[in-house]
Every structure is written in C-alpha cells, then in structure tokens.
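A closer look at the structure
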Amino acid sequence: MKSSAQAAATATPLAAQHREALPATPEALLDAVLAANRGTTNPRLKQILDALLRHLHAFAVEVDLSYQELEVGLDFLVRIGKATGPEKHEGILLADILGLATLVGLIDAKRSLAAGGTEPALIGPFWRAAQPLRENGAPIAAEGTPGERLFVSGRILSLDGEPIANARVETWQASPGGLYENQDPHQEEMNLRGRFQTDADGRFSFHSVRPSGYAVPVDGPCGELLDAQQRAIMRPAHLHFIVMAEGYKTLATQIFDADDPNAYRDVVFGAVGSLLHRFERQSDGSFRLDLDLKLEAGTMRVPMCPLP
Ligand code: BEZ
Ligand code: FE
C-alpha cells in the first residue's frame, strides 16, 4: 500500500497535466467560455451570447471586480426581479434609467429615422394592456380630473405622408398631480388612458388635461441606484403613444411639453428635440396639441405590456 506522501507524489504530474488544460488566465478563460457557446444553434442567440460574454468578461477585468462586488450585483438583480409583479415592472425601470431602452429604440428605428419617421421614445413601466377603446373626440380624463384642458388631434402617416386608416393608437399620461392612475387611489380606474382607431384620413383625437412632470418610482432597487449616482429623478411632462397598424413597424413614442423646466433633463433620456412640442394656448384658455406621427413600412408587433 502507498503512503499518503507517495500518493501525493504520483498525483502531482497528473494534476499538473490537468492544470495545463484548464484556463489559467482571463484570456484563456474567455476562450473556453466562448468555446462552450459554439454549440448554440440559433445564430442570433449565439451572436448575442458571444458579444455578451466578451463584454461581461472585459468589464470584470477592467474594473478588477471582486467576488464581494459580484455578490452585490447579483443581489441587485435578484431584488429587481422580486420588485417586479403585476403592479410594477422594476426591470423596465432599470433598462430605462440606464439609457438602454432609449438606445434600443434608436437602434430599432435607424432606417425609419433616416427616412423622416417619427423619433421613438421608450414605453416605460406604465402602459396597461386593457386600456379602454374610446371614440375619436372623446375625453380620456374622467370628470373632476383637475388641470388645464388639452385637446389632442393627431394624424398617423406613412413615411411618404399617406394617411394610415384603422391604426390602433394607445395613449396614456400622468395627471397634473404627477401620478399615473394605477399609482393614485384618488383617480378613477383607467383615467387618462385610452385606445383609439384612426379614421379614413388617419386621424384620431381626444380631450384630456395638460400632464405634468413626475418623479420616477424610487421605492425599489432602481431608487437606490439613482440615489448612489446622486441623479435627479424627474421626467418632463409628456403623453405616451404606441401606434400599431398592419403593414407598418410599431411606433412607441412620447410627446413632451417643451415648456416644462425639465424638458432637457429627462432621467430616462427619452426627451429628444423632435419630440418636444409647444402645447398651444387657445382663446378660451385651454391648450391644443397637433401631431403627425410617421411610421415605417414593415411588420407590426405588439410590444410587451408591463401592466394588466
Ligand atoms: C414613463 O414615462 O411612464 C416612465 C418611463 C420610465 C420610467 C418611469 C416612468
Ligand atoms: Fe410616462
């Protein structure tokens, strides 16, 4: 029988051999991790994973990431998941405050923008799936909703200016109190939300109230991150639109009140020049907003809706 010293002596060369086969440097480790992804059969998924792995590894090397910091990051992601449910989508909020949602919207709209299409803006966490279908010209503000009156009249057009009939237009906005209806027990269910269908001239319209700016929700892990970064948490006043029409790429955008003091300081980087509009004051003191929204030809897609 071998003594334990003899066993260790015979094991050493094997262990050394084995060690040679294992990735001992960050570069060799990355090669091994990329090789493990070679079998991914979906080519787009493989492309995304390859790039993600390269960037993740480069990031960890660049910042000299410690294991403790990795744990903090993983815990943050777990808490983002736990803070997400039918009432709130913290994951979307994270993509928004990182500027990722705005970036991806711009990437998606590259061709449309080059051809004069309407600039996109993120959907955010407050779109609801069951927004009520309303007649054109109807109010979306329940009786008693405070605020200055606003009439919105829009046209949905192709890139060459042809009206798009029967387009589905989803709209939602915060109240002058700075809260969406689902955040505010004082507002009626589905207040300041609606779904419209464009007429033969591609038109839709509704009565509402002038929205105001608001703070993004900071009661979850995204709030901690914003706090650590010492960032301002306001969004300028805006109305959301999602336009869906057969034969056209879906457009998600927002129209911002150019007179809002935060018009150029949007915490989620959505307010861009072409989306800033003046709400025109009328002789009776109410406001009016006229819009043309231009869609690129393509395949319609119904975006993921964060709230029921
Ligand atoms: C919104 O516009 O509704 C929104 C967007 C990002 C974060 C929070 C709210
Ligand atoms: Fe909003």
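Residues numbered from 1 in each chain as written. Chains lettered and ligands numbered in written order. Predicted model: local features only at pLDDT ≥ 70, side-chain atom pairs only at ≥ 80, totals over all residues. Heavy atoms only, no water.

**Quick look at the sheet that holds strand S10 (residues 276–277)**
Short version of the rule: Note on pairing: DSSP must find at least two bridges between two strands before they are called paired. Secondary structure follows DSSP: runs of H or I at least 4 residues long count as helices, runs of E at least 2 residues long count as strands, and numbering of each begins at the N terminus.
Spatially, 5 strands are ordered S4-S3-S8-S9-S10 in an open sheet, and the strand pairing comes out mixed. Looking at the sheet topology across the chains shown, the edges are occupied by strand S4 (193–197) and S10.

**As for the environment of Ser-158**
Relative to the elements of secondary structure, Ser-158 occurs in strand S2 (residues 149–158). Ser-158 sits 139 residues away from Ala-297 along the chain, and the two C-alpha atoms are 7.2 Å apart.

**Structural notes on the packing of aromatic side chains**
This is how the line gets drawn: The rule is short: rings of Phe, Tyr and Trp, with Trp giving its six-membered ring, pair when the centres are within 6.5 Å, and they are stacked under 30 degrees, edge-to-face over 60, tilted in between. In this scheme, a residue with accessible area under 20% of its type's maximum is buried, one over 50% is exposed, and one in between is partly exposed, where area comes from a 1.4 Å probe on protein chains only. Criterion for a charge above a ring: Lys NZ or Arg CZ within 6 Å of the ring centre, and within 35 degrees of the ring normal.
Per the stated rule, a full pass over the model turns up 7 aromatic pairs. Residues Phe-206 and Phe-241 carry aromatic rings whose centres are separated by 6.5 Å and whose planes lie at 45° to one another, so their mutual orientation is tilted. A residue pair is termed long-range when its members are at least 10 positions apart, and Phe-206 in strand S5 (residues 203–209) and Phe-241 in strand S8 (residues 238–244) qualify at 35 residues. In this structure, Phe-206 and Phe-241 share a single accessibility class: buried. Taken together through their ring pairs, the aromatic side chains of Phe-196, Phe-204, Phe-206 and Phe-241 make up a single cluster. One Lys or Arg, Arg-210, reaches over the ring of Phe-287 and ends 4.2 Å from the middle of that ring.

**So, the nonpolar core**
As a reminder of what qualifies: In this description, a nonpolar core means a group of buried Ala, Val, Leu, Ile, Met, Phe, Trp, Tyr and Cys residues linked to one another through side-chain atoms lying within 4.5 Å. We call two residues contacting when some pair of their heavy atoms lies within 4.5 Å.
Within the largest apolar cluster, 31 residues are counted, with the highest numbers of intra-cluster contacts made by Ile-156 and Phe-241. Mapped onto this core, the elements with two or more residues apiece are S2, S5, S8, strand S9 (251–257) and strand S12 (287–295). Broken down by element, the residue count for this core peaks at 5 residues, all from S12. If near-sequence neighbours (up to four positions away) are discounted, Phe-241 is found in contact with Val-152, Val-169, Glu-170, Thr-171, Phe-204, Phe-206, Leu-251, Ala-252, Thr-253, Ile-255, Leu-291 and Leu-293.

**A look at the side chain of Gln-254**
Our working rule: Two N or O atoms count as a polar contact when they lie within 3.5 Å, although within protein this holds only if one can serve as hydrogen donor and the other as acceptor, and sequence-adjacent residues are included solely when both atoms are side-chain atoms.
Structurally, Gln-254 can be placed in strand S9. Within the structure, the side chain of Gln-254 is placed 2.7 Å from the backbone oxygen of Leu-122, a separation counted as a polar contact. Within the local environment of Gln-254, its side chain forms a polar contact with the side chain of Arg-235, the two groups lying 2.8 Å apart. Ignoring sequence-local partners within four residues, the contact set of Gln-254 consists of Ala-121, Leu-122, Arg-235, His-238, Leu-239, His-240 and Leu-275.

**Things to note about unusual backbone geometry**
A negative phi angle is the norm for most residues apart from glycine, just as the trans form is the norm for most peptide bonds. Even without glycine at this site, Asp-64 takes up a positive phi of about 55°. With respect to the helices and strands, Asp-64 occurs in the loop between helix H3 (43–63) and helix H4 (67–82).

**Digging into the sheet that holds S5**
Across the sheet, which stays open at both edges, the 5 strands sit in the order S1-S5-S2-S12-S11 with mixed pairing between neighbours. Bordering the open sheet on either side are strand S1 (138–139) and strand S11 (280–281), each of which pairs with just one other strand. The sheet contact formed by S1 and S5 spans 2 bridges and is parallel. Of the residues in S5, the one forming a bridge with Pro-139 is His-207.

**Concerning the site of ligand 1**
So the rule is basically this: Note on terminology: near, applied to a residue and a molecule or strand, indicates that one of the residue's heavy atoms is within 4 Å of it. Areas reported here follow the Shrake-Rupley algorithm with a probe of radius 1.4 Å; residue values treat only the protein chains shown as occluding.
Close to ligand 1 lie 13 residues; Asp-96, Tyr-214, Arg-235, His-238 and His-240 are nearest. For ligand 1, an oxygen atom lies 3.1 Å from a polar atom in the side chain of His-238. Burial of ligand 1 by the protein amounts to 100% of the accessible area it has alone, namely 260 Å².

**Considerations on the domain arrangement of the chain**
Counted only if it meets this: As used throughout, domain bounds are those supplied by an automatic or database domain assignment.
We note that the domain assignment places domain 1 (16–82) and domain 2 (90–295) within the chain. Of note, the centres of domain 1 and domain 2, computed from C-alpha atoms alone, are 38 Å apart.

**Thoughts on the pattern of salt bridges**
Threshold: Salt bridge, as used here, is a side-chain nitrogen of Lys or Arg placed within 4 Å of a carboxyl oxygen of Asp or Glu.
Counted under the stated rule, the structure contains 18 salt bridges. Among the ionic pairs, Glu-170 bridges to Arg-195, the shortest N-O distance being 2.5 Å. Placement of Glu-170 in strand S3 (residues 168–173) and of Arg-195 in strand S4 is noted, with a sequence separation of 25 residues between them. With a relative accessible area of 0%, Glu-170 lands in the buried category. Look at the salt bridges and you will find they share partners, linking Arg-128, Glu-181, Glu-189 and Arg-193 into a network.

**Focus: the coordination of the iron ion (ligand 2)**
Let me state the cut-off plainly: Each metal's donors are the N, O and S atoms within 2.8 Å of it, or within 3.2 Å when it is Na, K or Ca, and because water is not part of the set, sites may look incomplete. A site with four donors is called tetrahedral when every donor-metal-donor angle falls between 85 and 135 degrees; four donors are called square planar, and six octahedral, when opposite donors sit more than 155 degrees apart and all other angles fall between 65 and 115; any other arrangement is irregular.
Looking at the metal site, the iron ion (ligand 2) is ligated by Tyr-180 (OH), Tyr-214 (OH), His-238 (NE2) and His-240 (NE2), spaced 1.9 to 2.1 Å from it. One can describe the donor arrangement at the iron ion (ligand 2) as irregular, given that its 6 donor atoms subtend angles of 55 to 161° at the metal. Counting residues between consecutive donors of the iron ion (ligand 2) along the chain gives the motif Y-x33-Y-x23-H-x1-H. Taken together, the residues Tyr-180 in the loop between S3 and S4 and Tyr-214 in strand S6 (residues 214–215) connect sequence positions 34 residues apart. Each of the two residues, Tyr-180 as well as Tyr-214, counts as buried.

**Details of the packing of H4 against helix H8 (residues 221–228)**
Axis angle and axis distance: for two packed helices, these are the angle between their axes and the distance between the axes, and together they describe the pair. Selection criterion: Axis lines are fitted to C-alpha atoms, over the contacting stretch for helices. Their N-to-C directions set the angle, which ranges from 0 to 180 degrees. Convention used here: angles under 35 degrees read as roughly parallel, angles over 145 as roughly antiparallel, angles from 65 to 115 as roughly perpendicular, and any remaining angle as oblique. Any residue that is not Ala, Val, Leu, Ile, Met, Phe, Trp, Tyr, Cys, Pro, Asp, Glu, Lys or Arg is counted as polar, Gly included; the first ten are nonpolar and the last four charged.
Look at H4 against H8: their axes get within 9 Å of each other, and the N-to-C directions meet at 135°. The angle between the axes of H4 and H8 places the two elements in the oblique class. Residue-level inspection shows Phe-76, Arg-79 and Ile-80 of H4 in contact with H8, the latter providing Pro-221, Cys-222, Glu-224 and Leu-225. Tallied by class, the residues present in the contact of H4 with H8 amount to 5 nonpolar, no polar and 2 charged.

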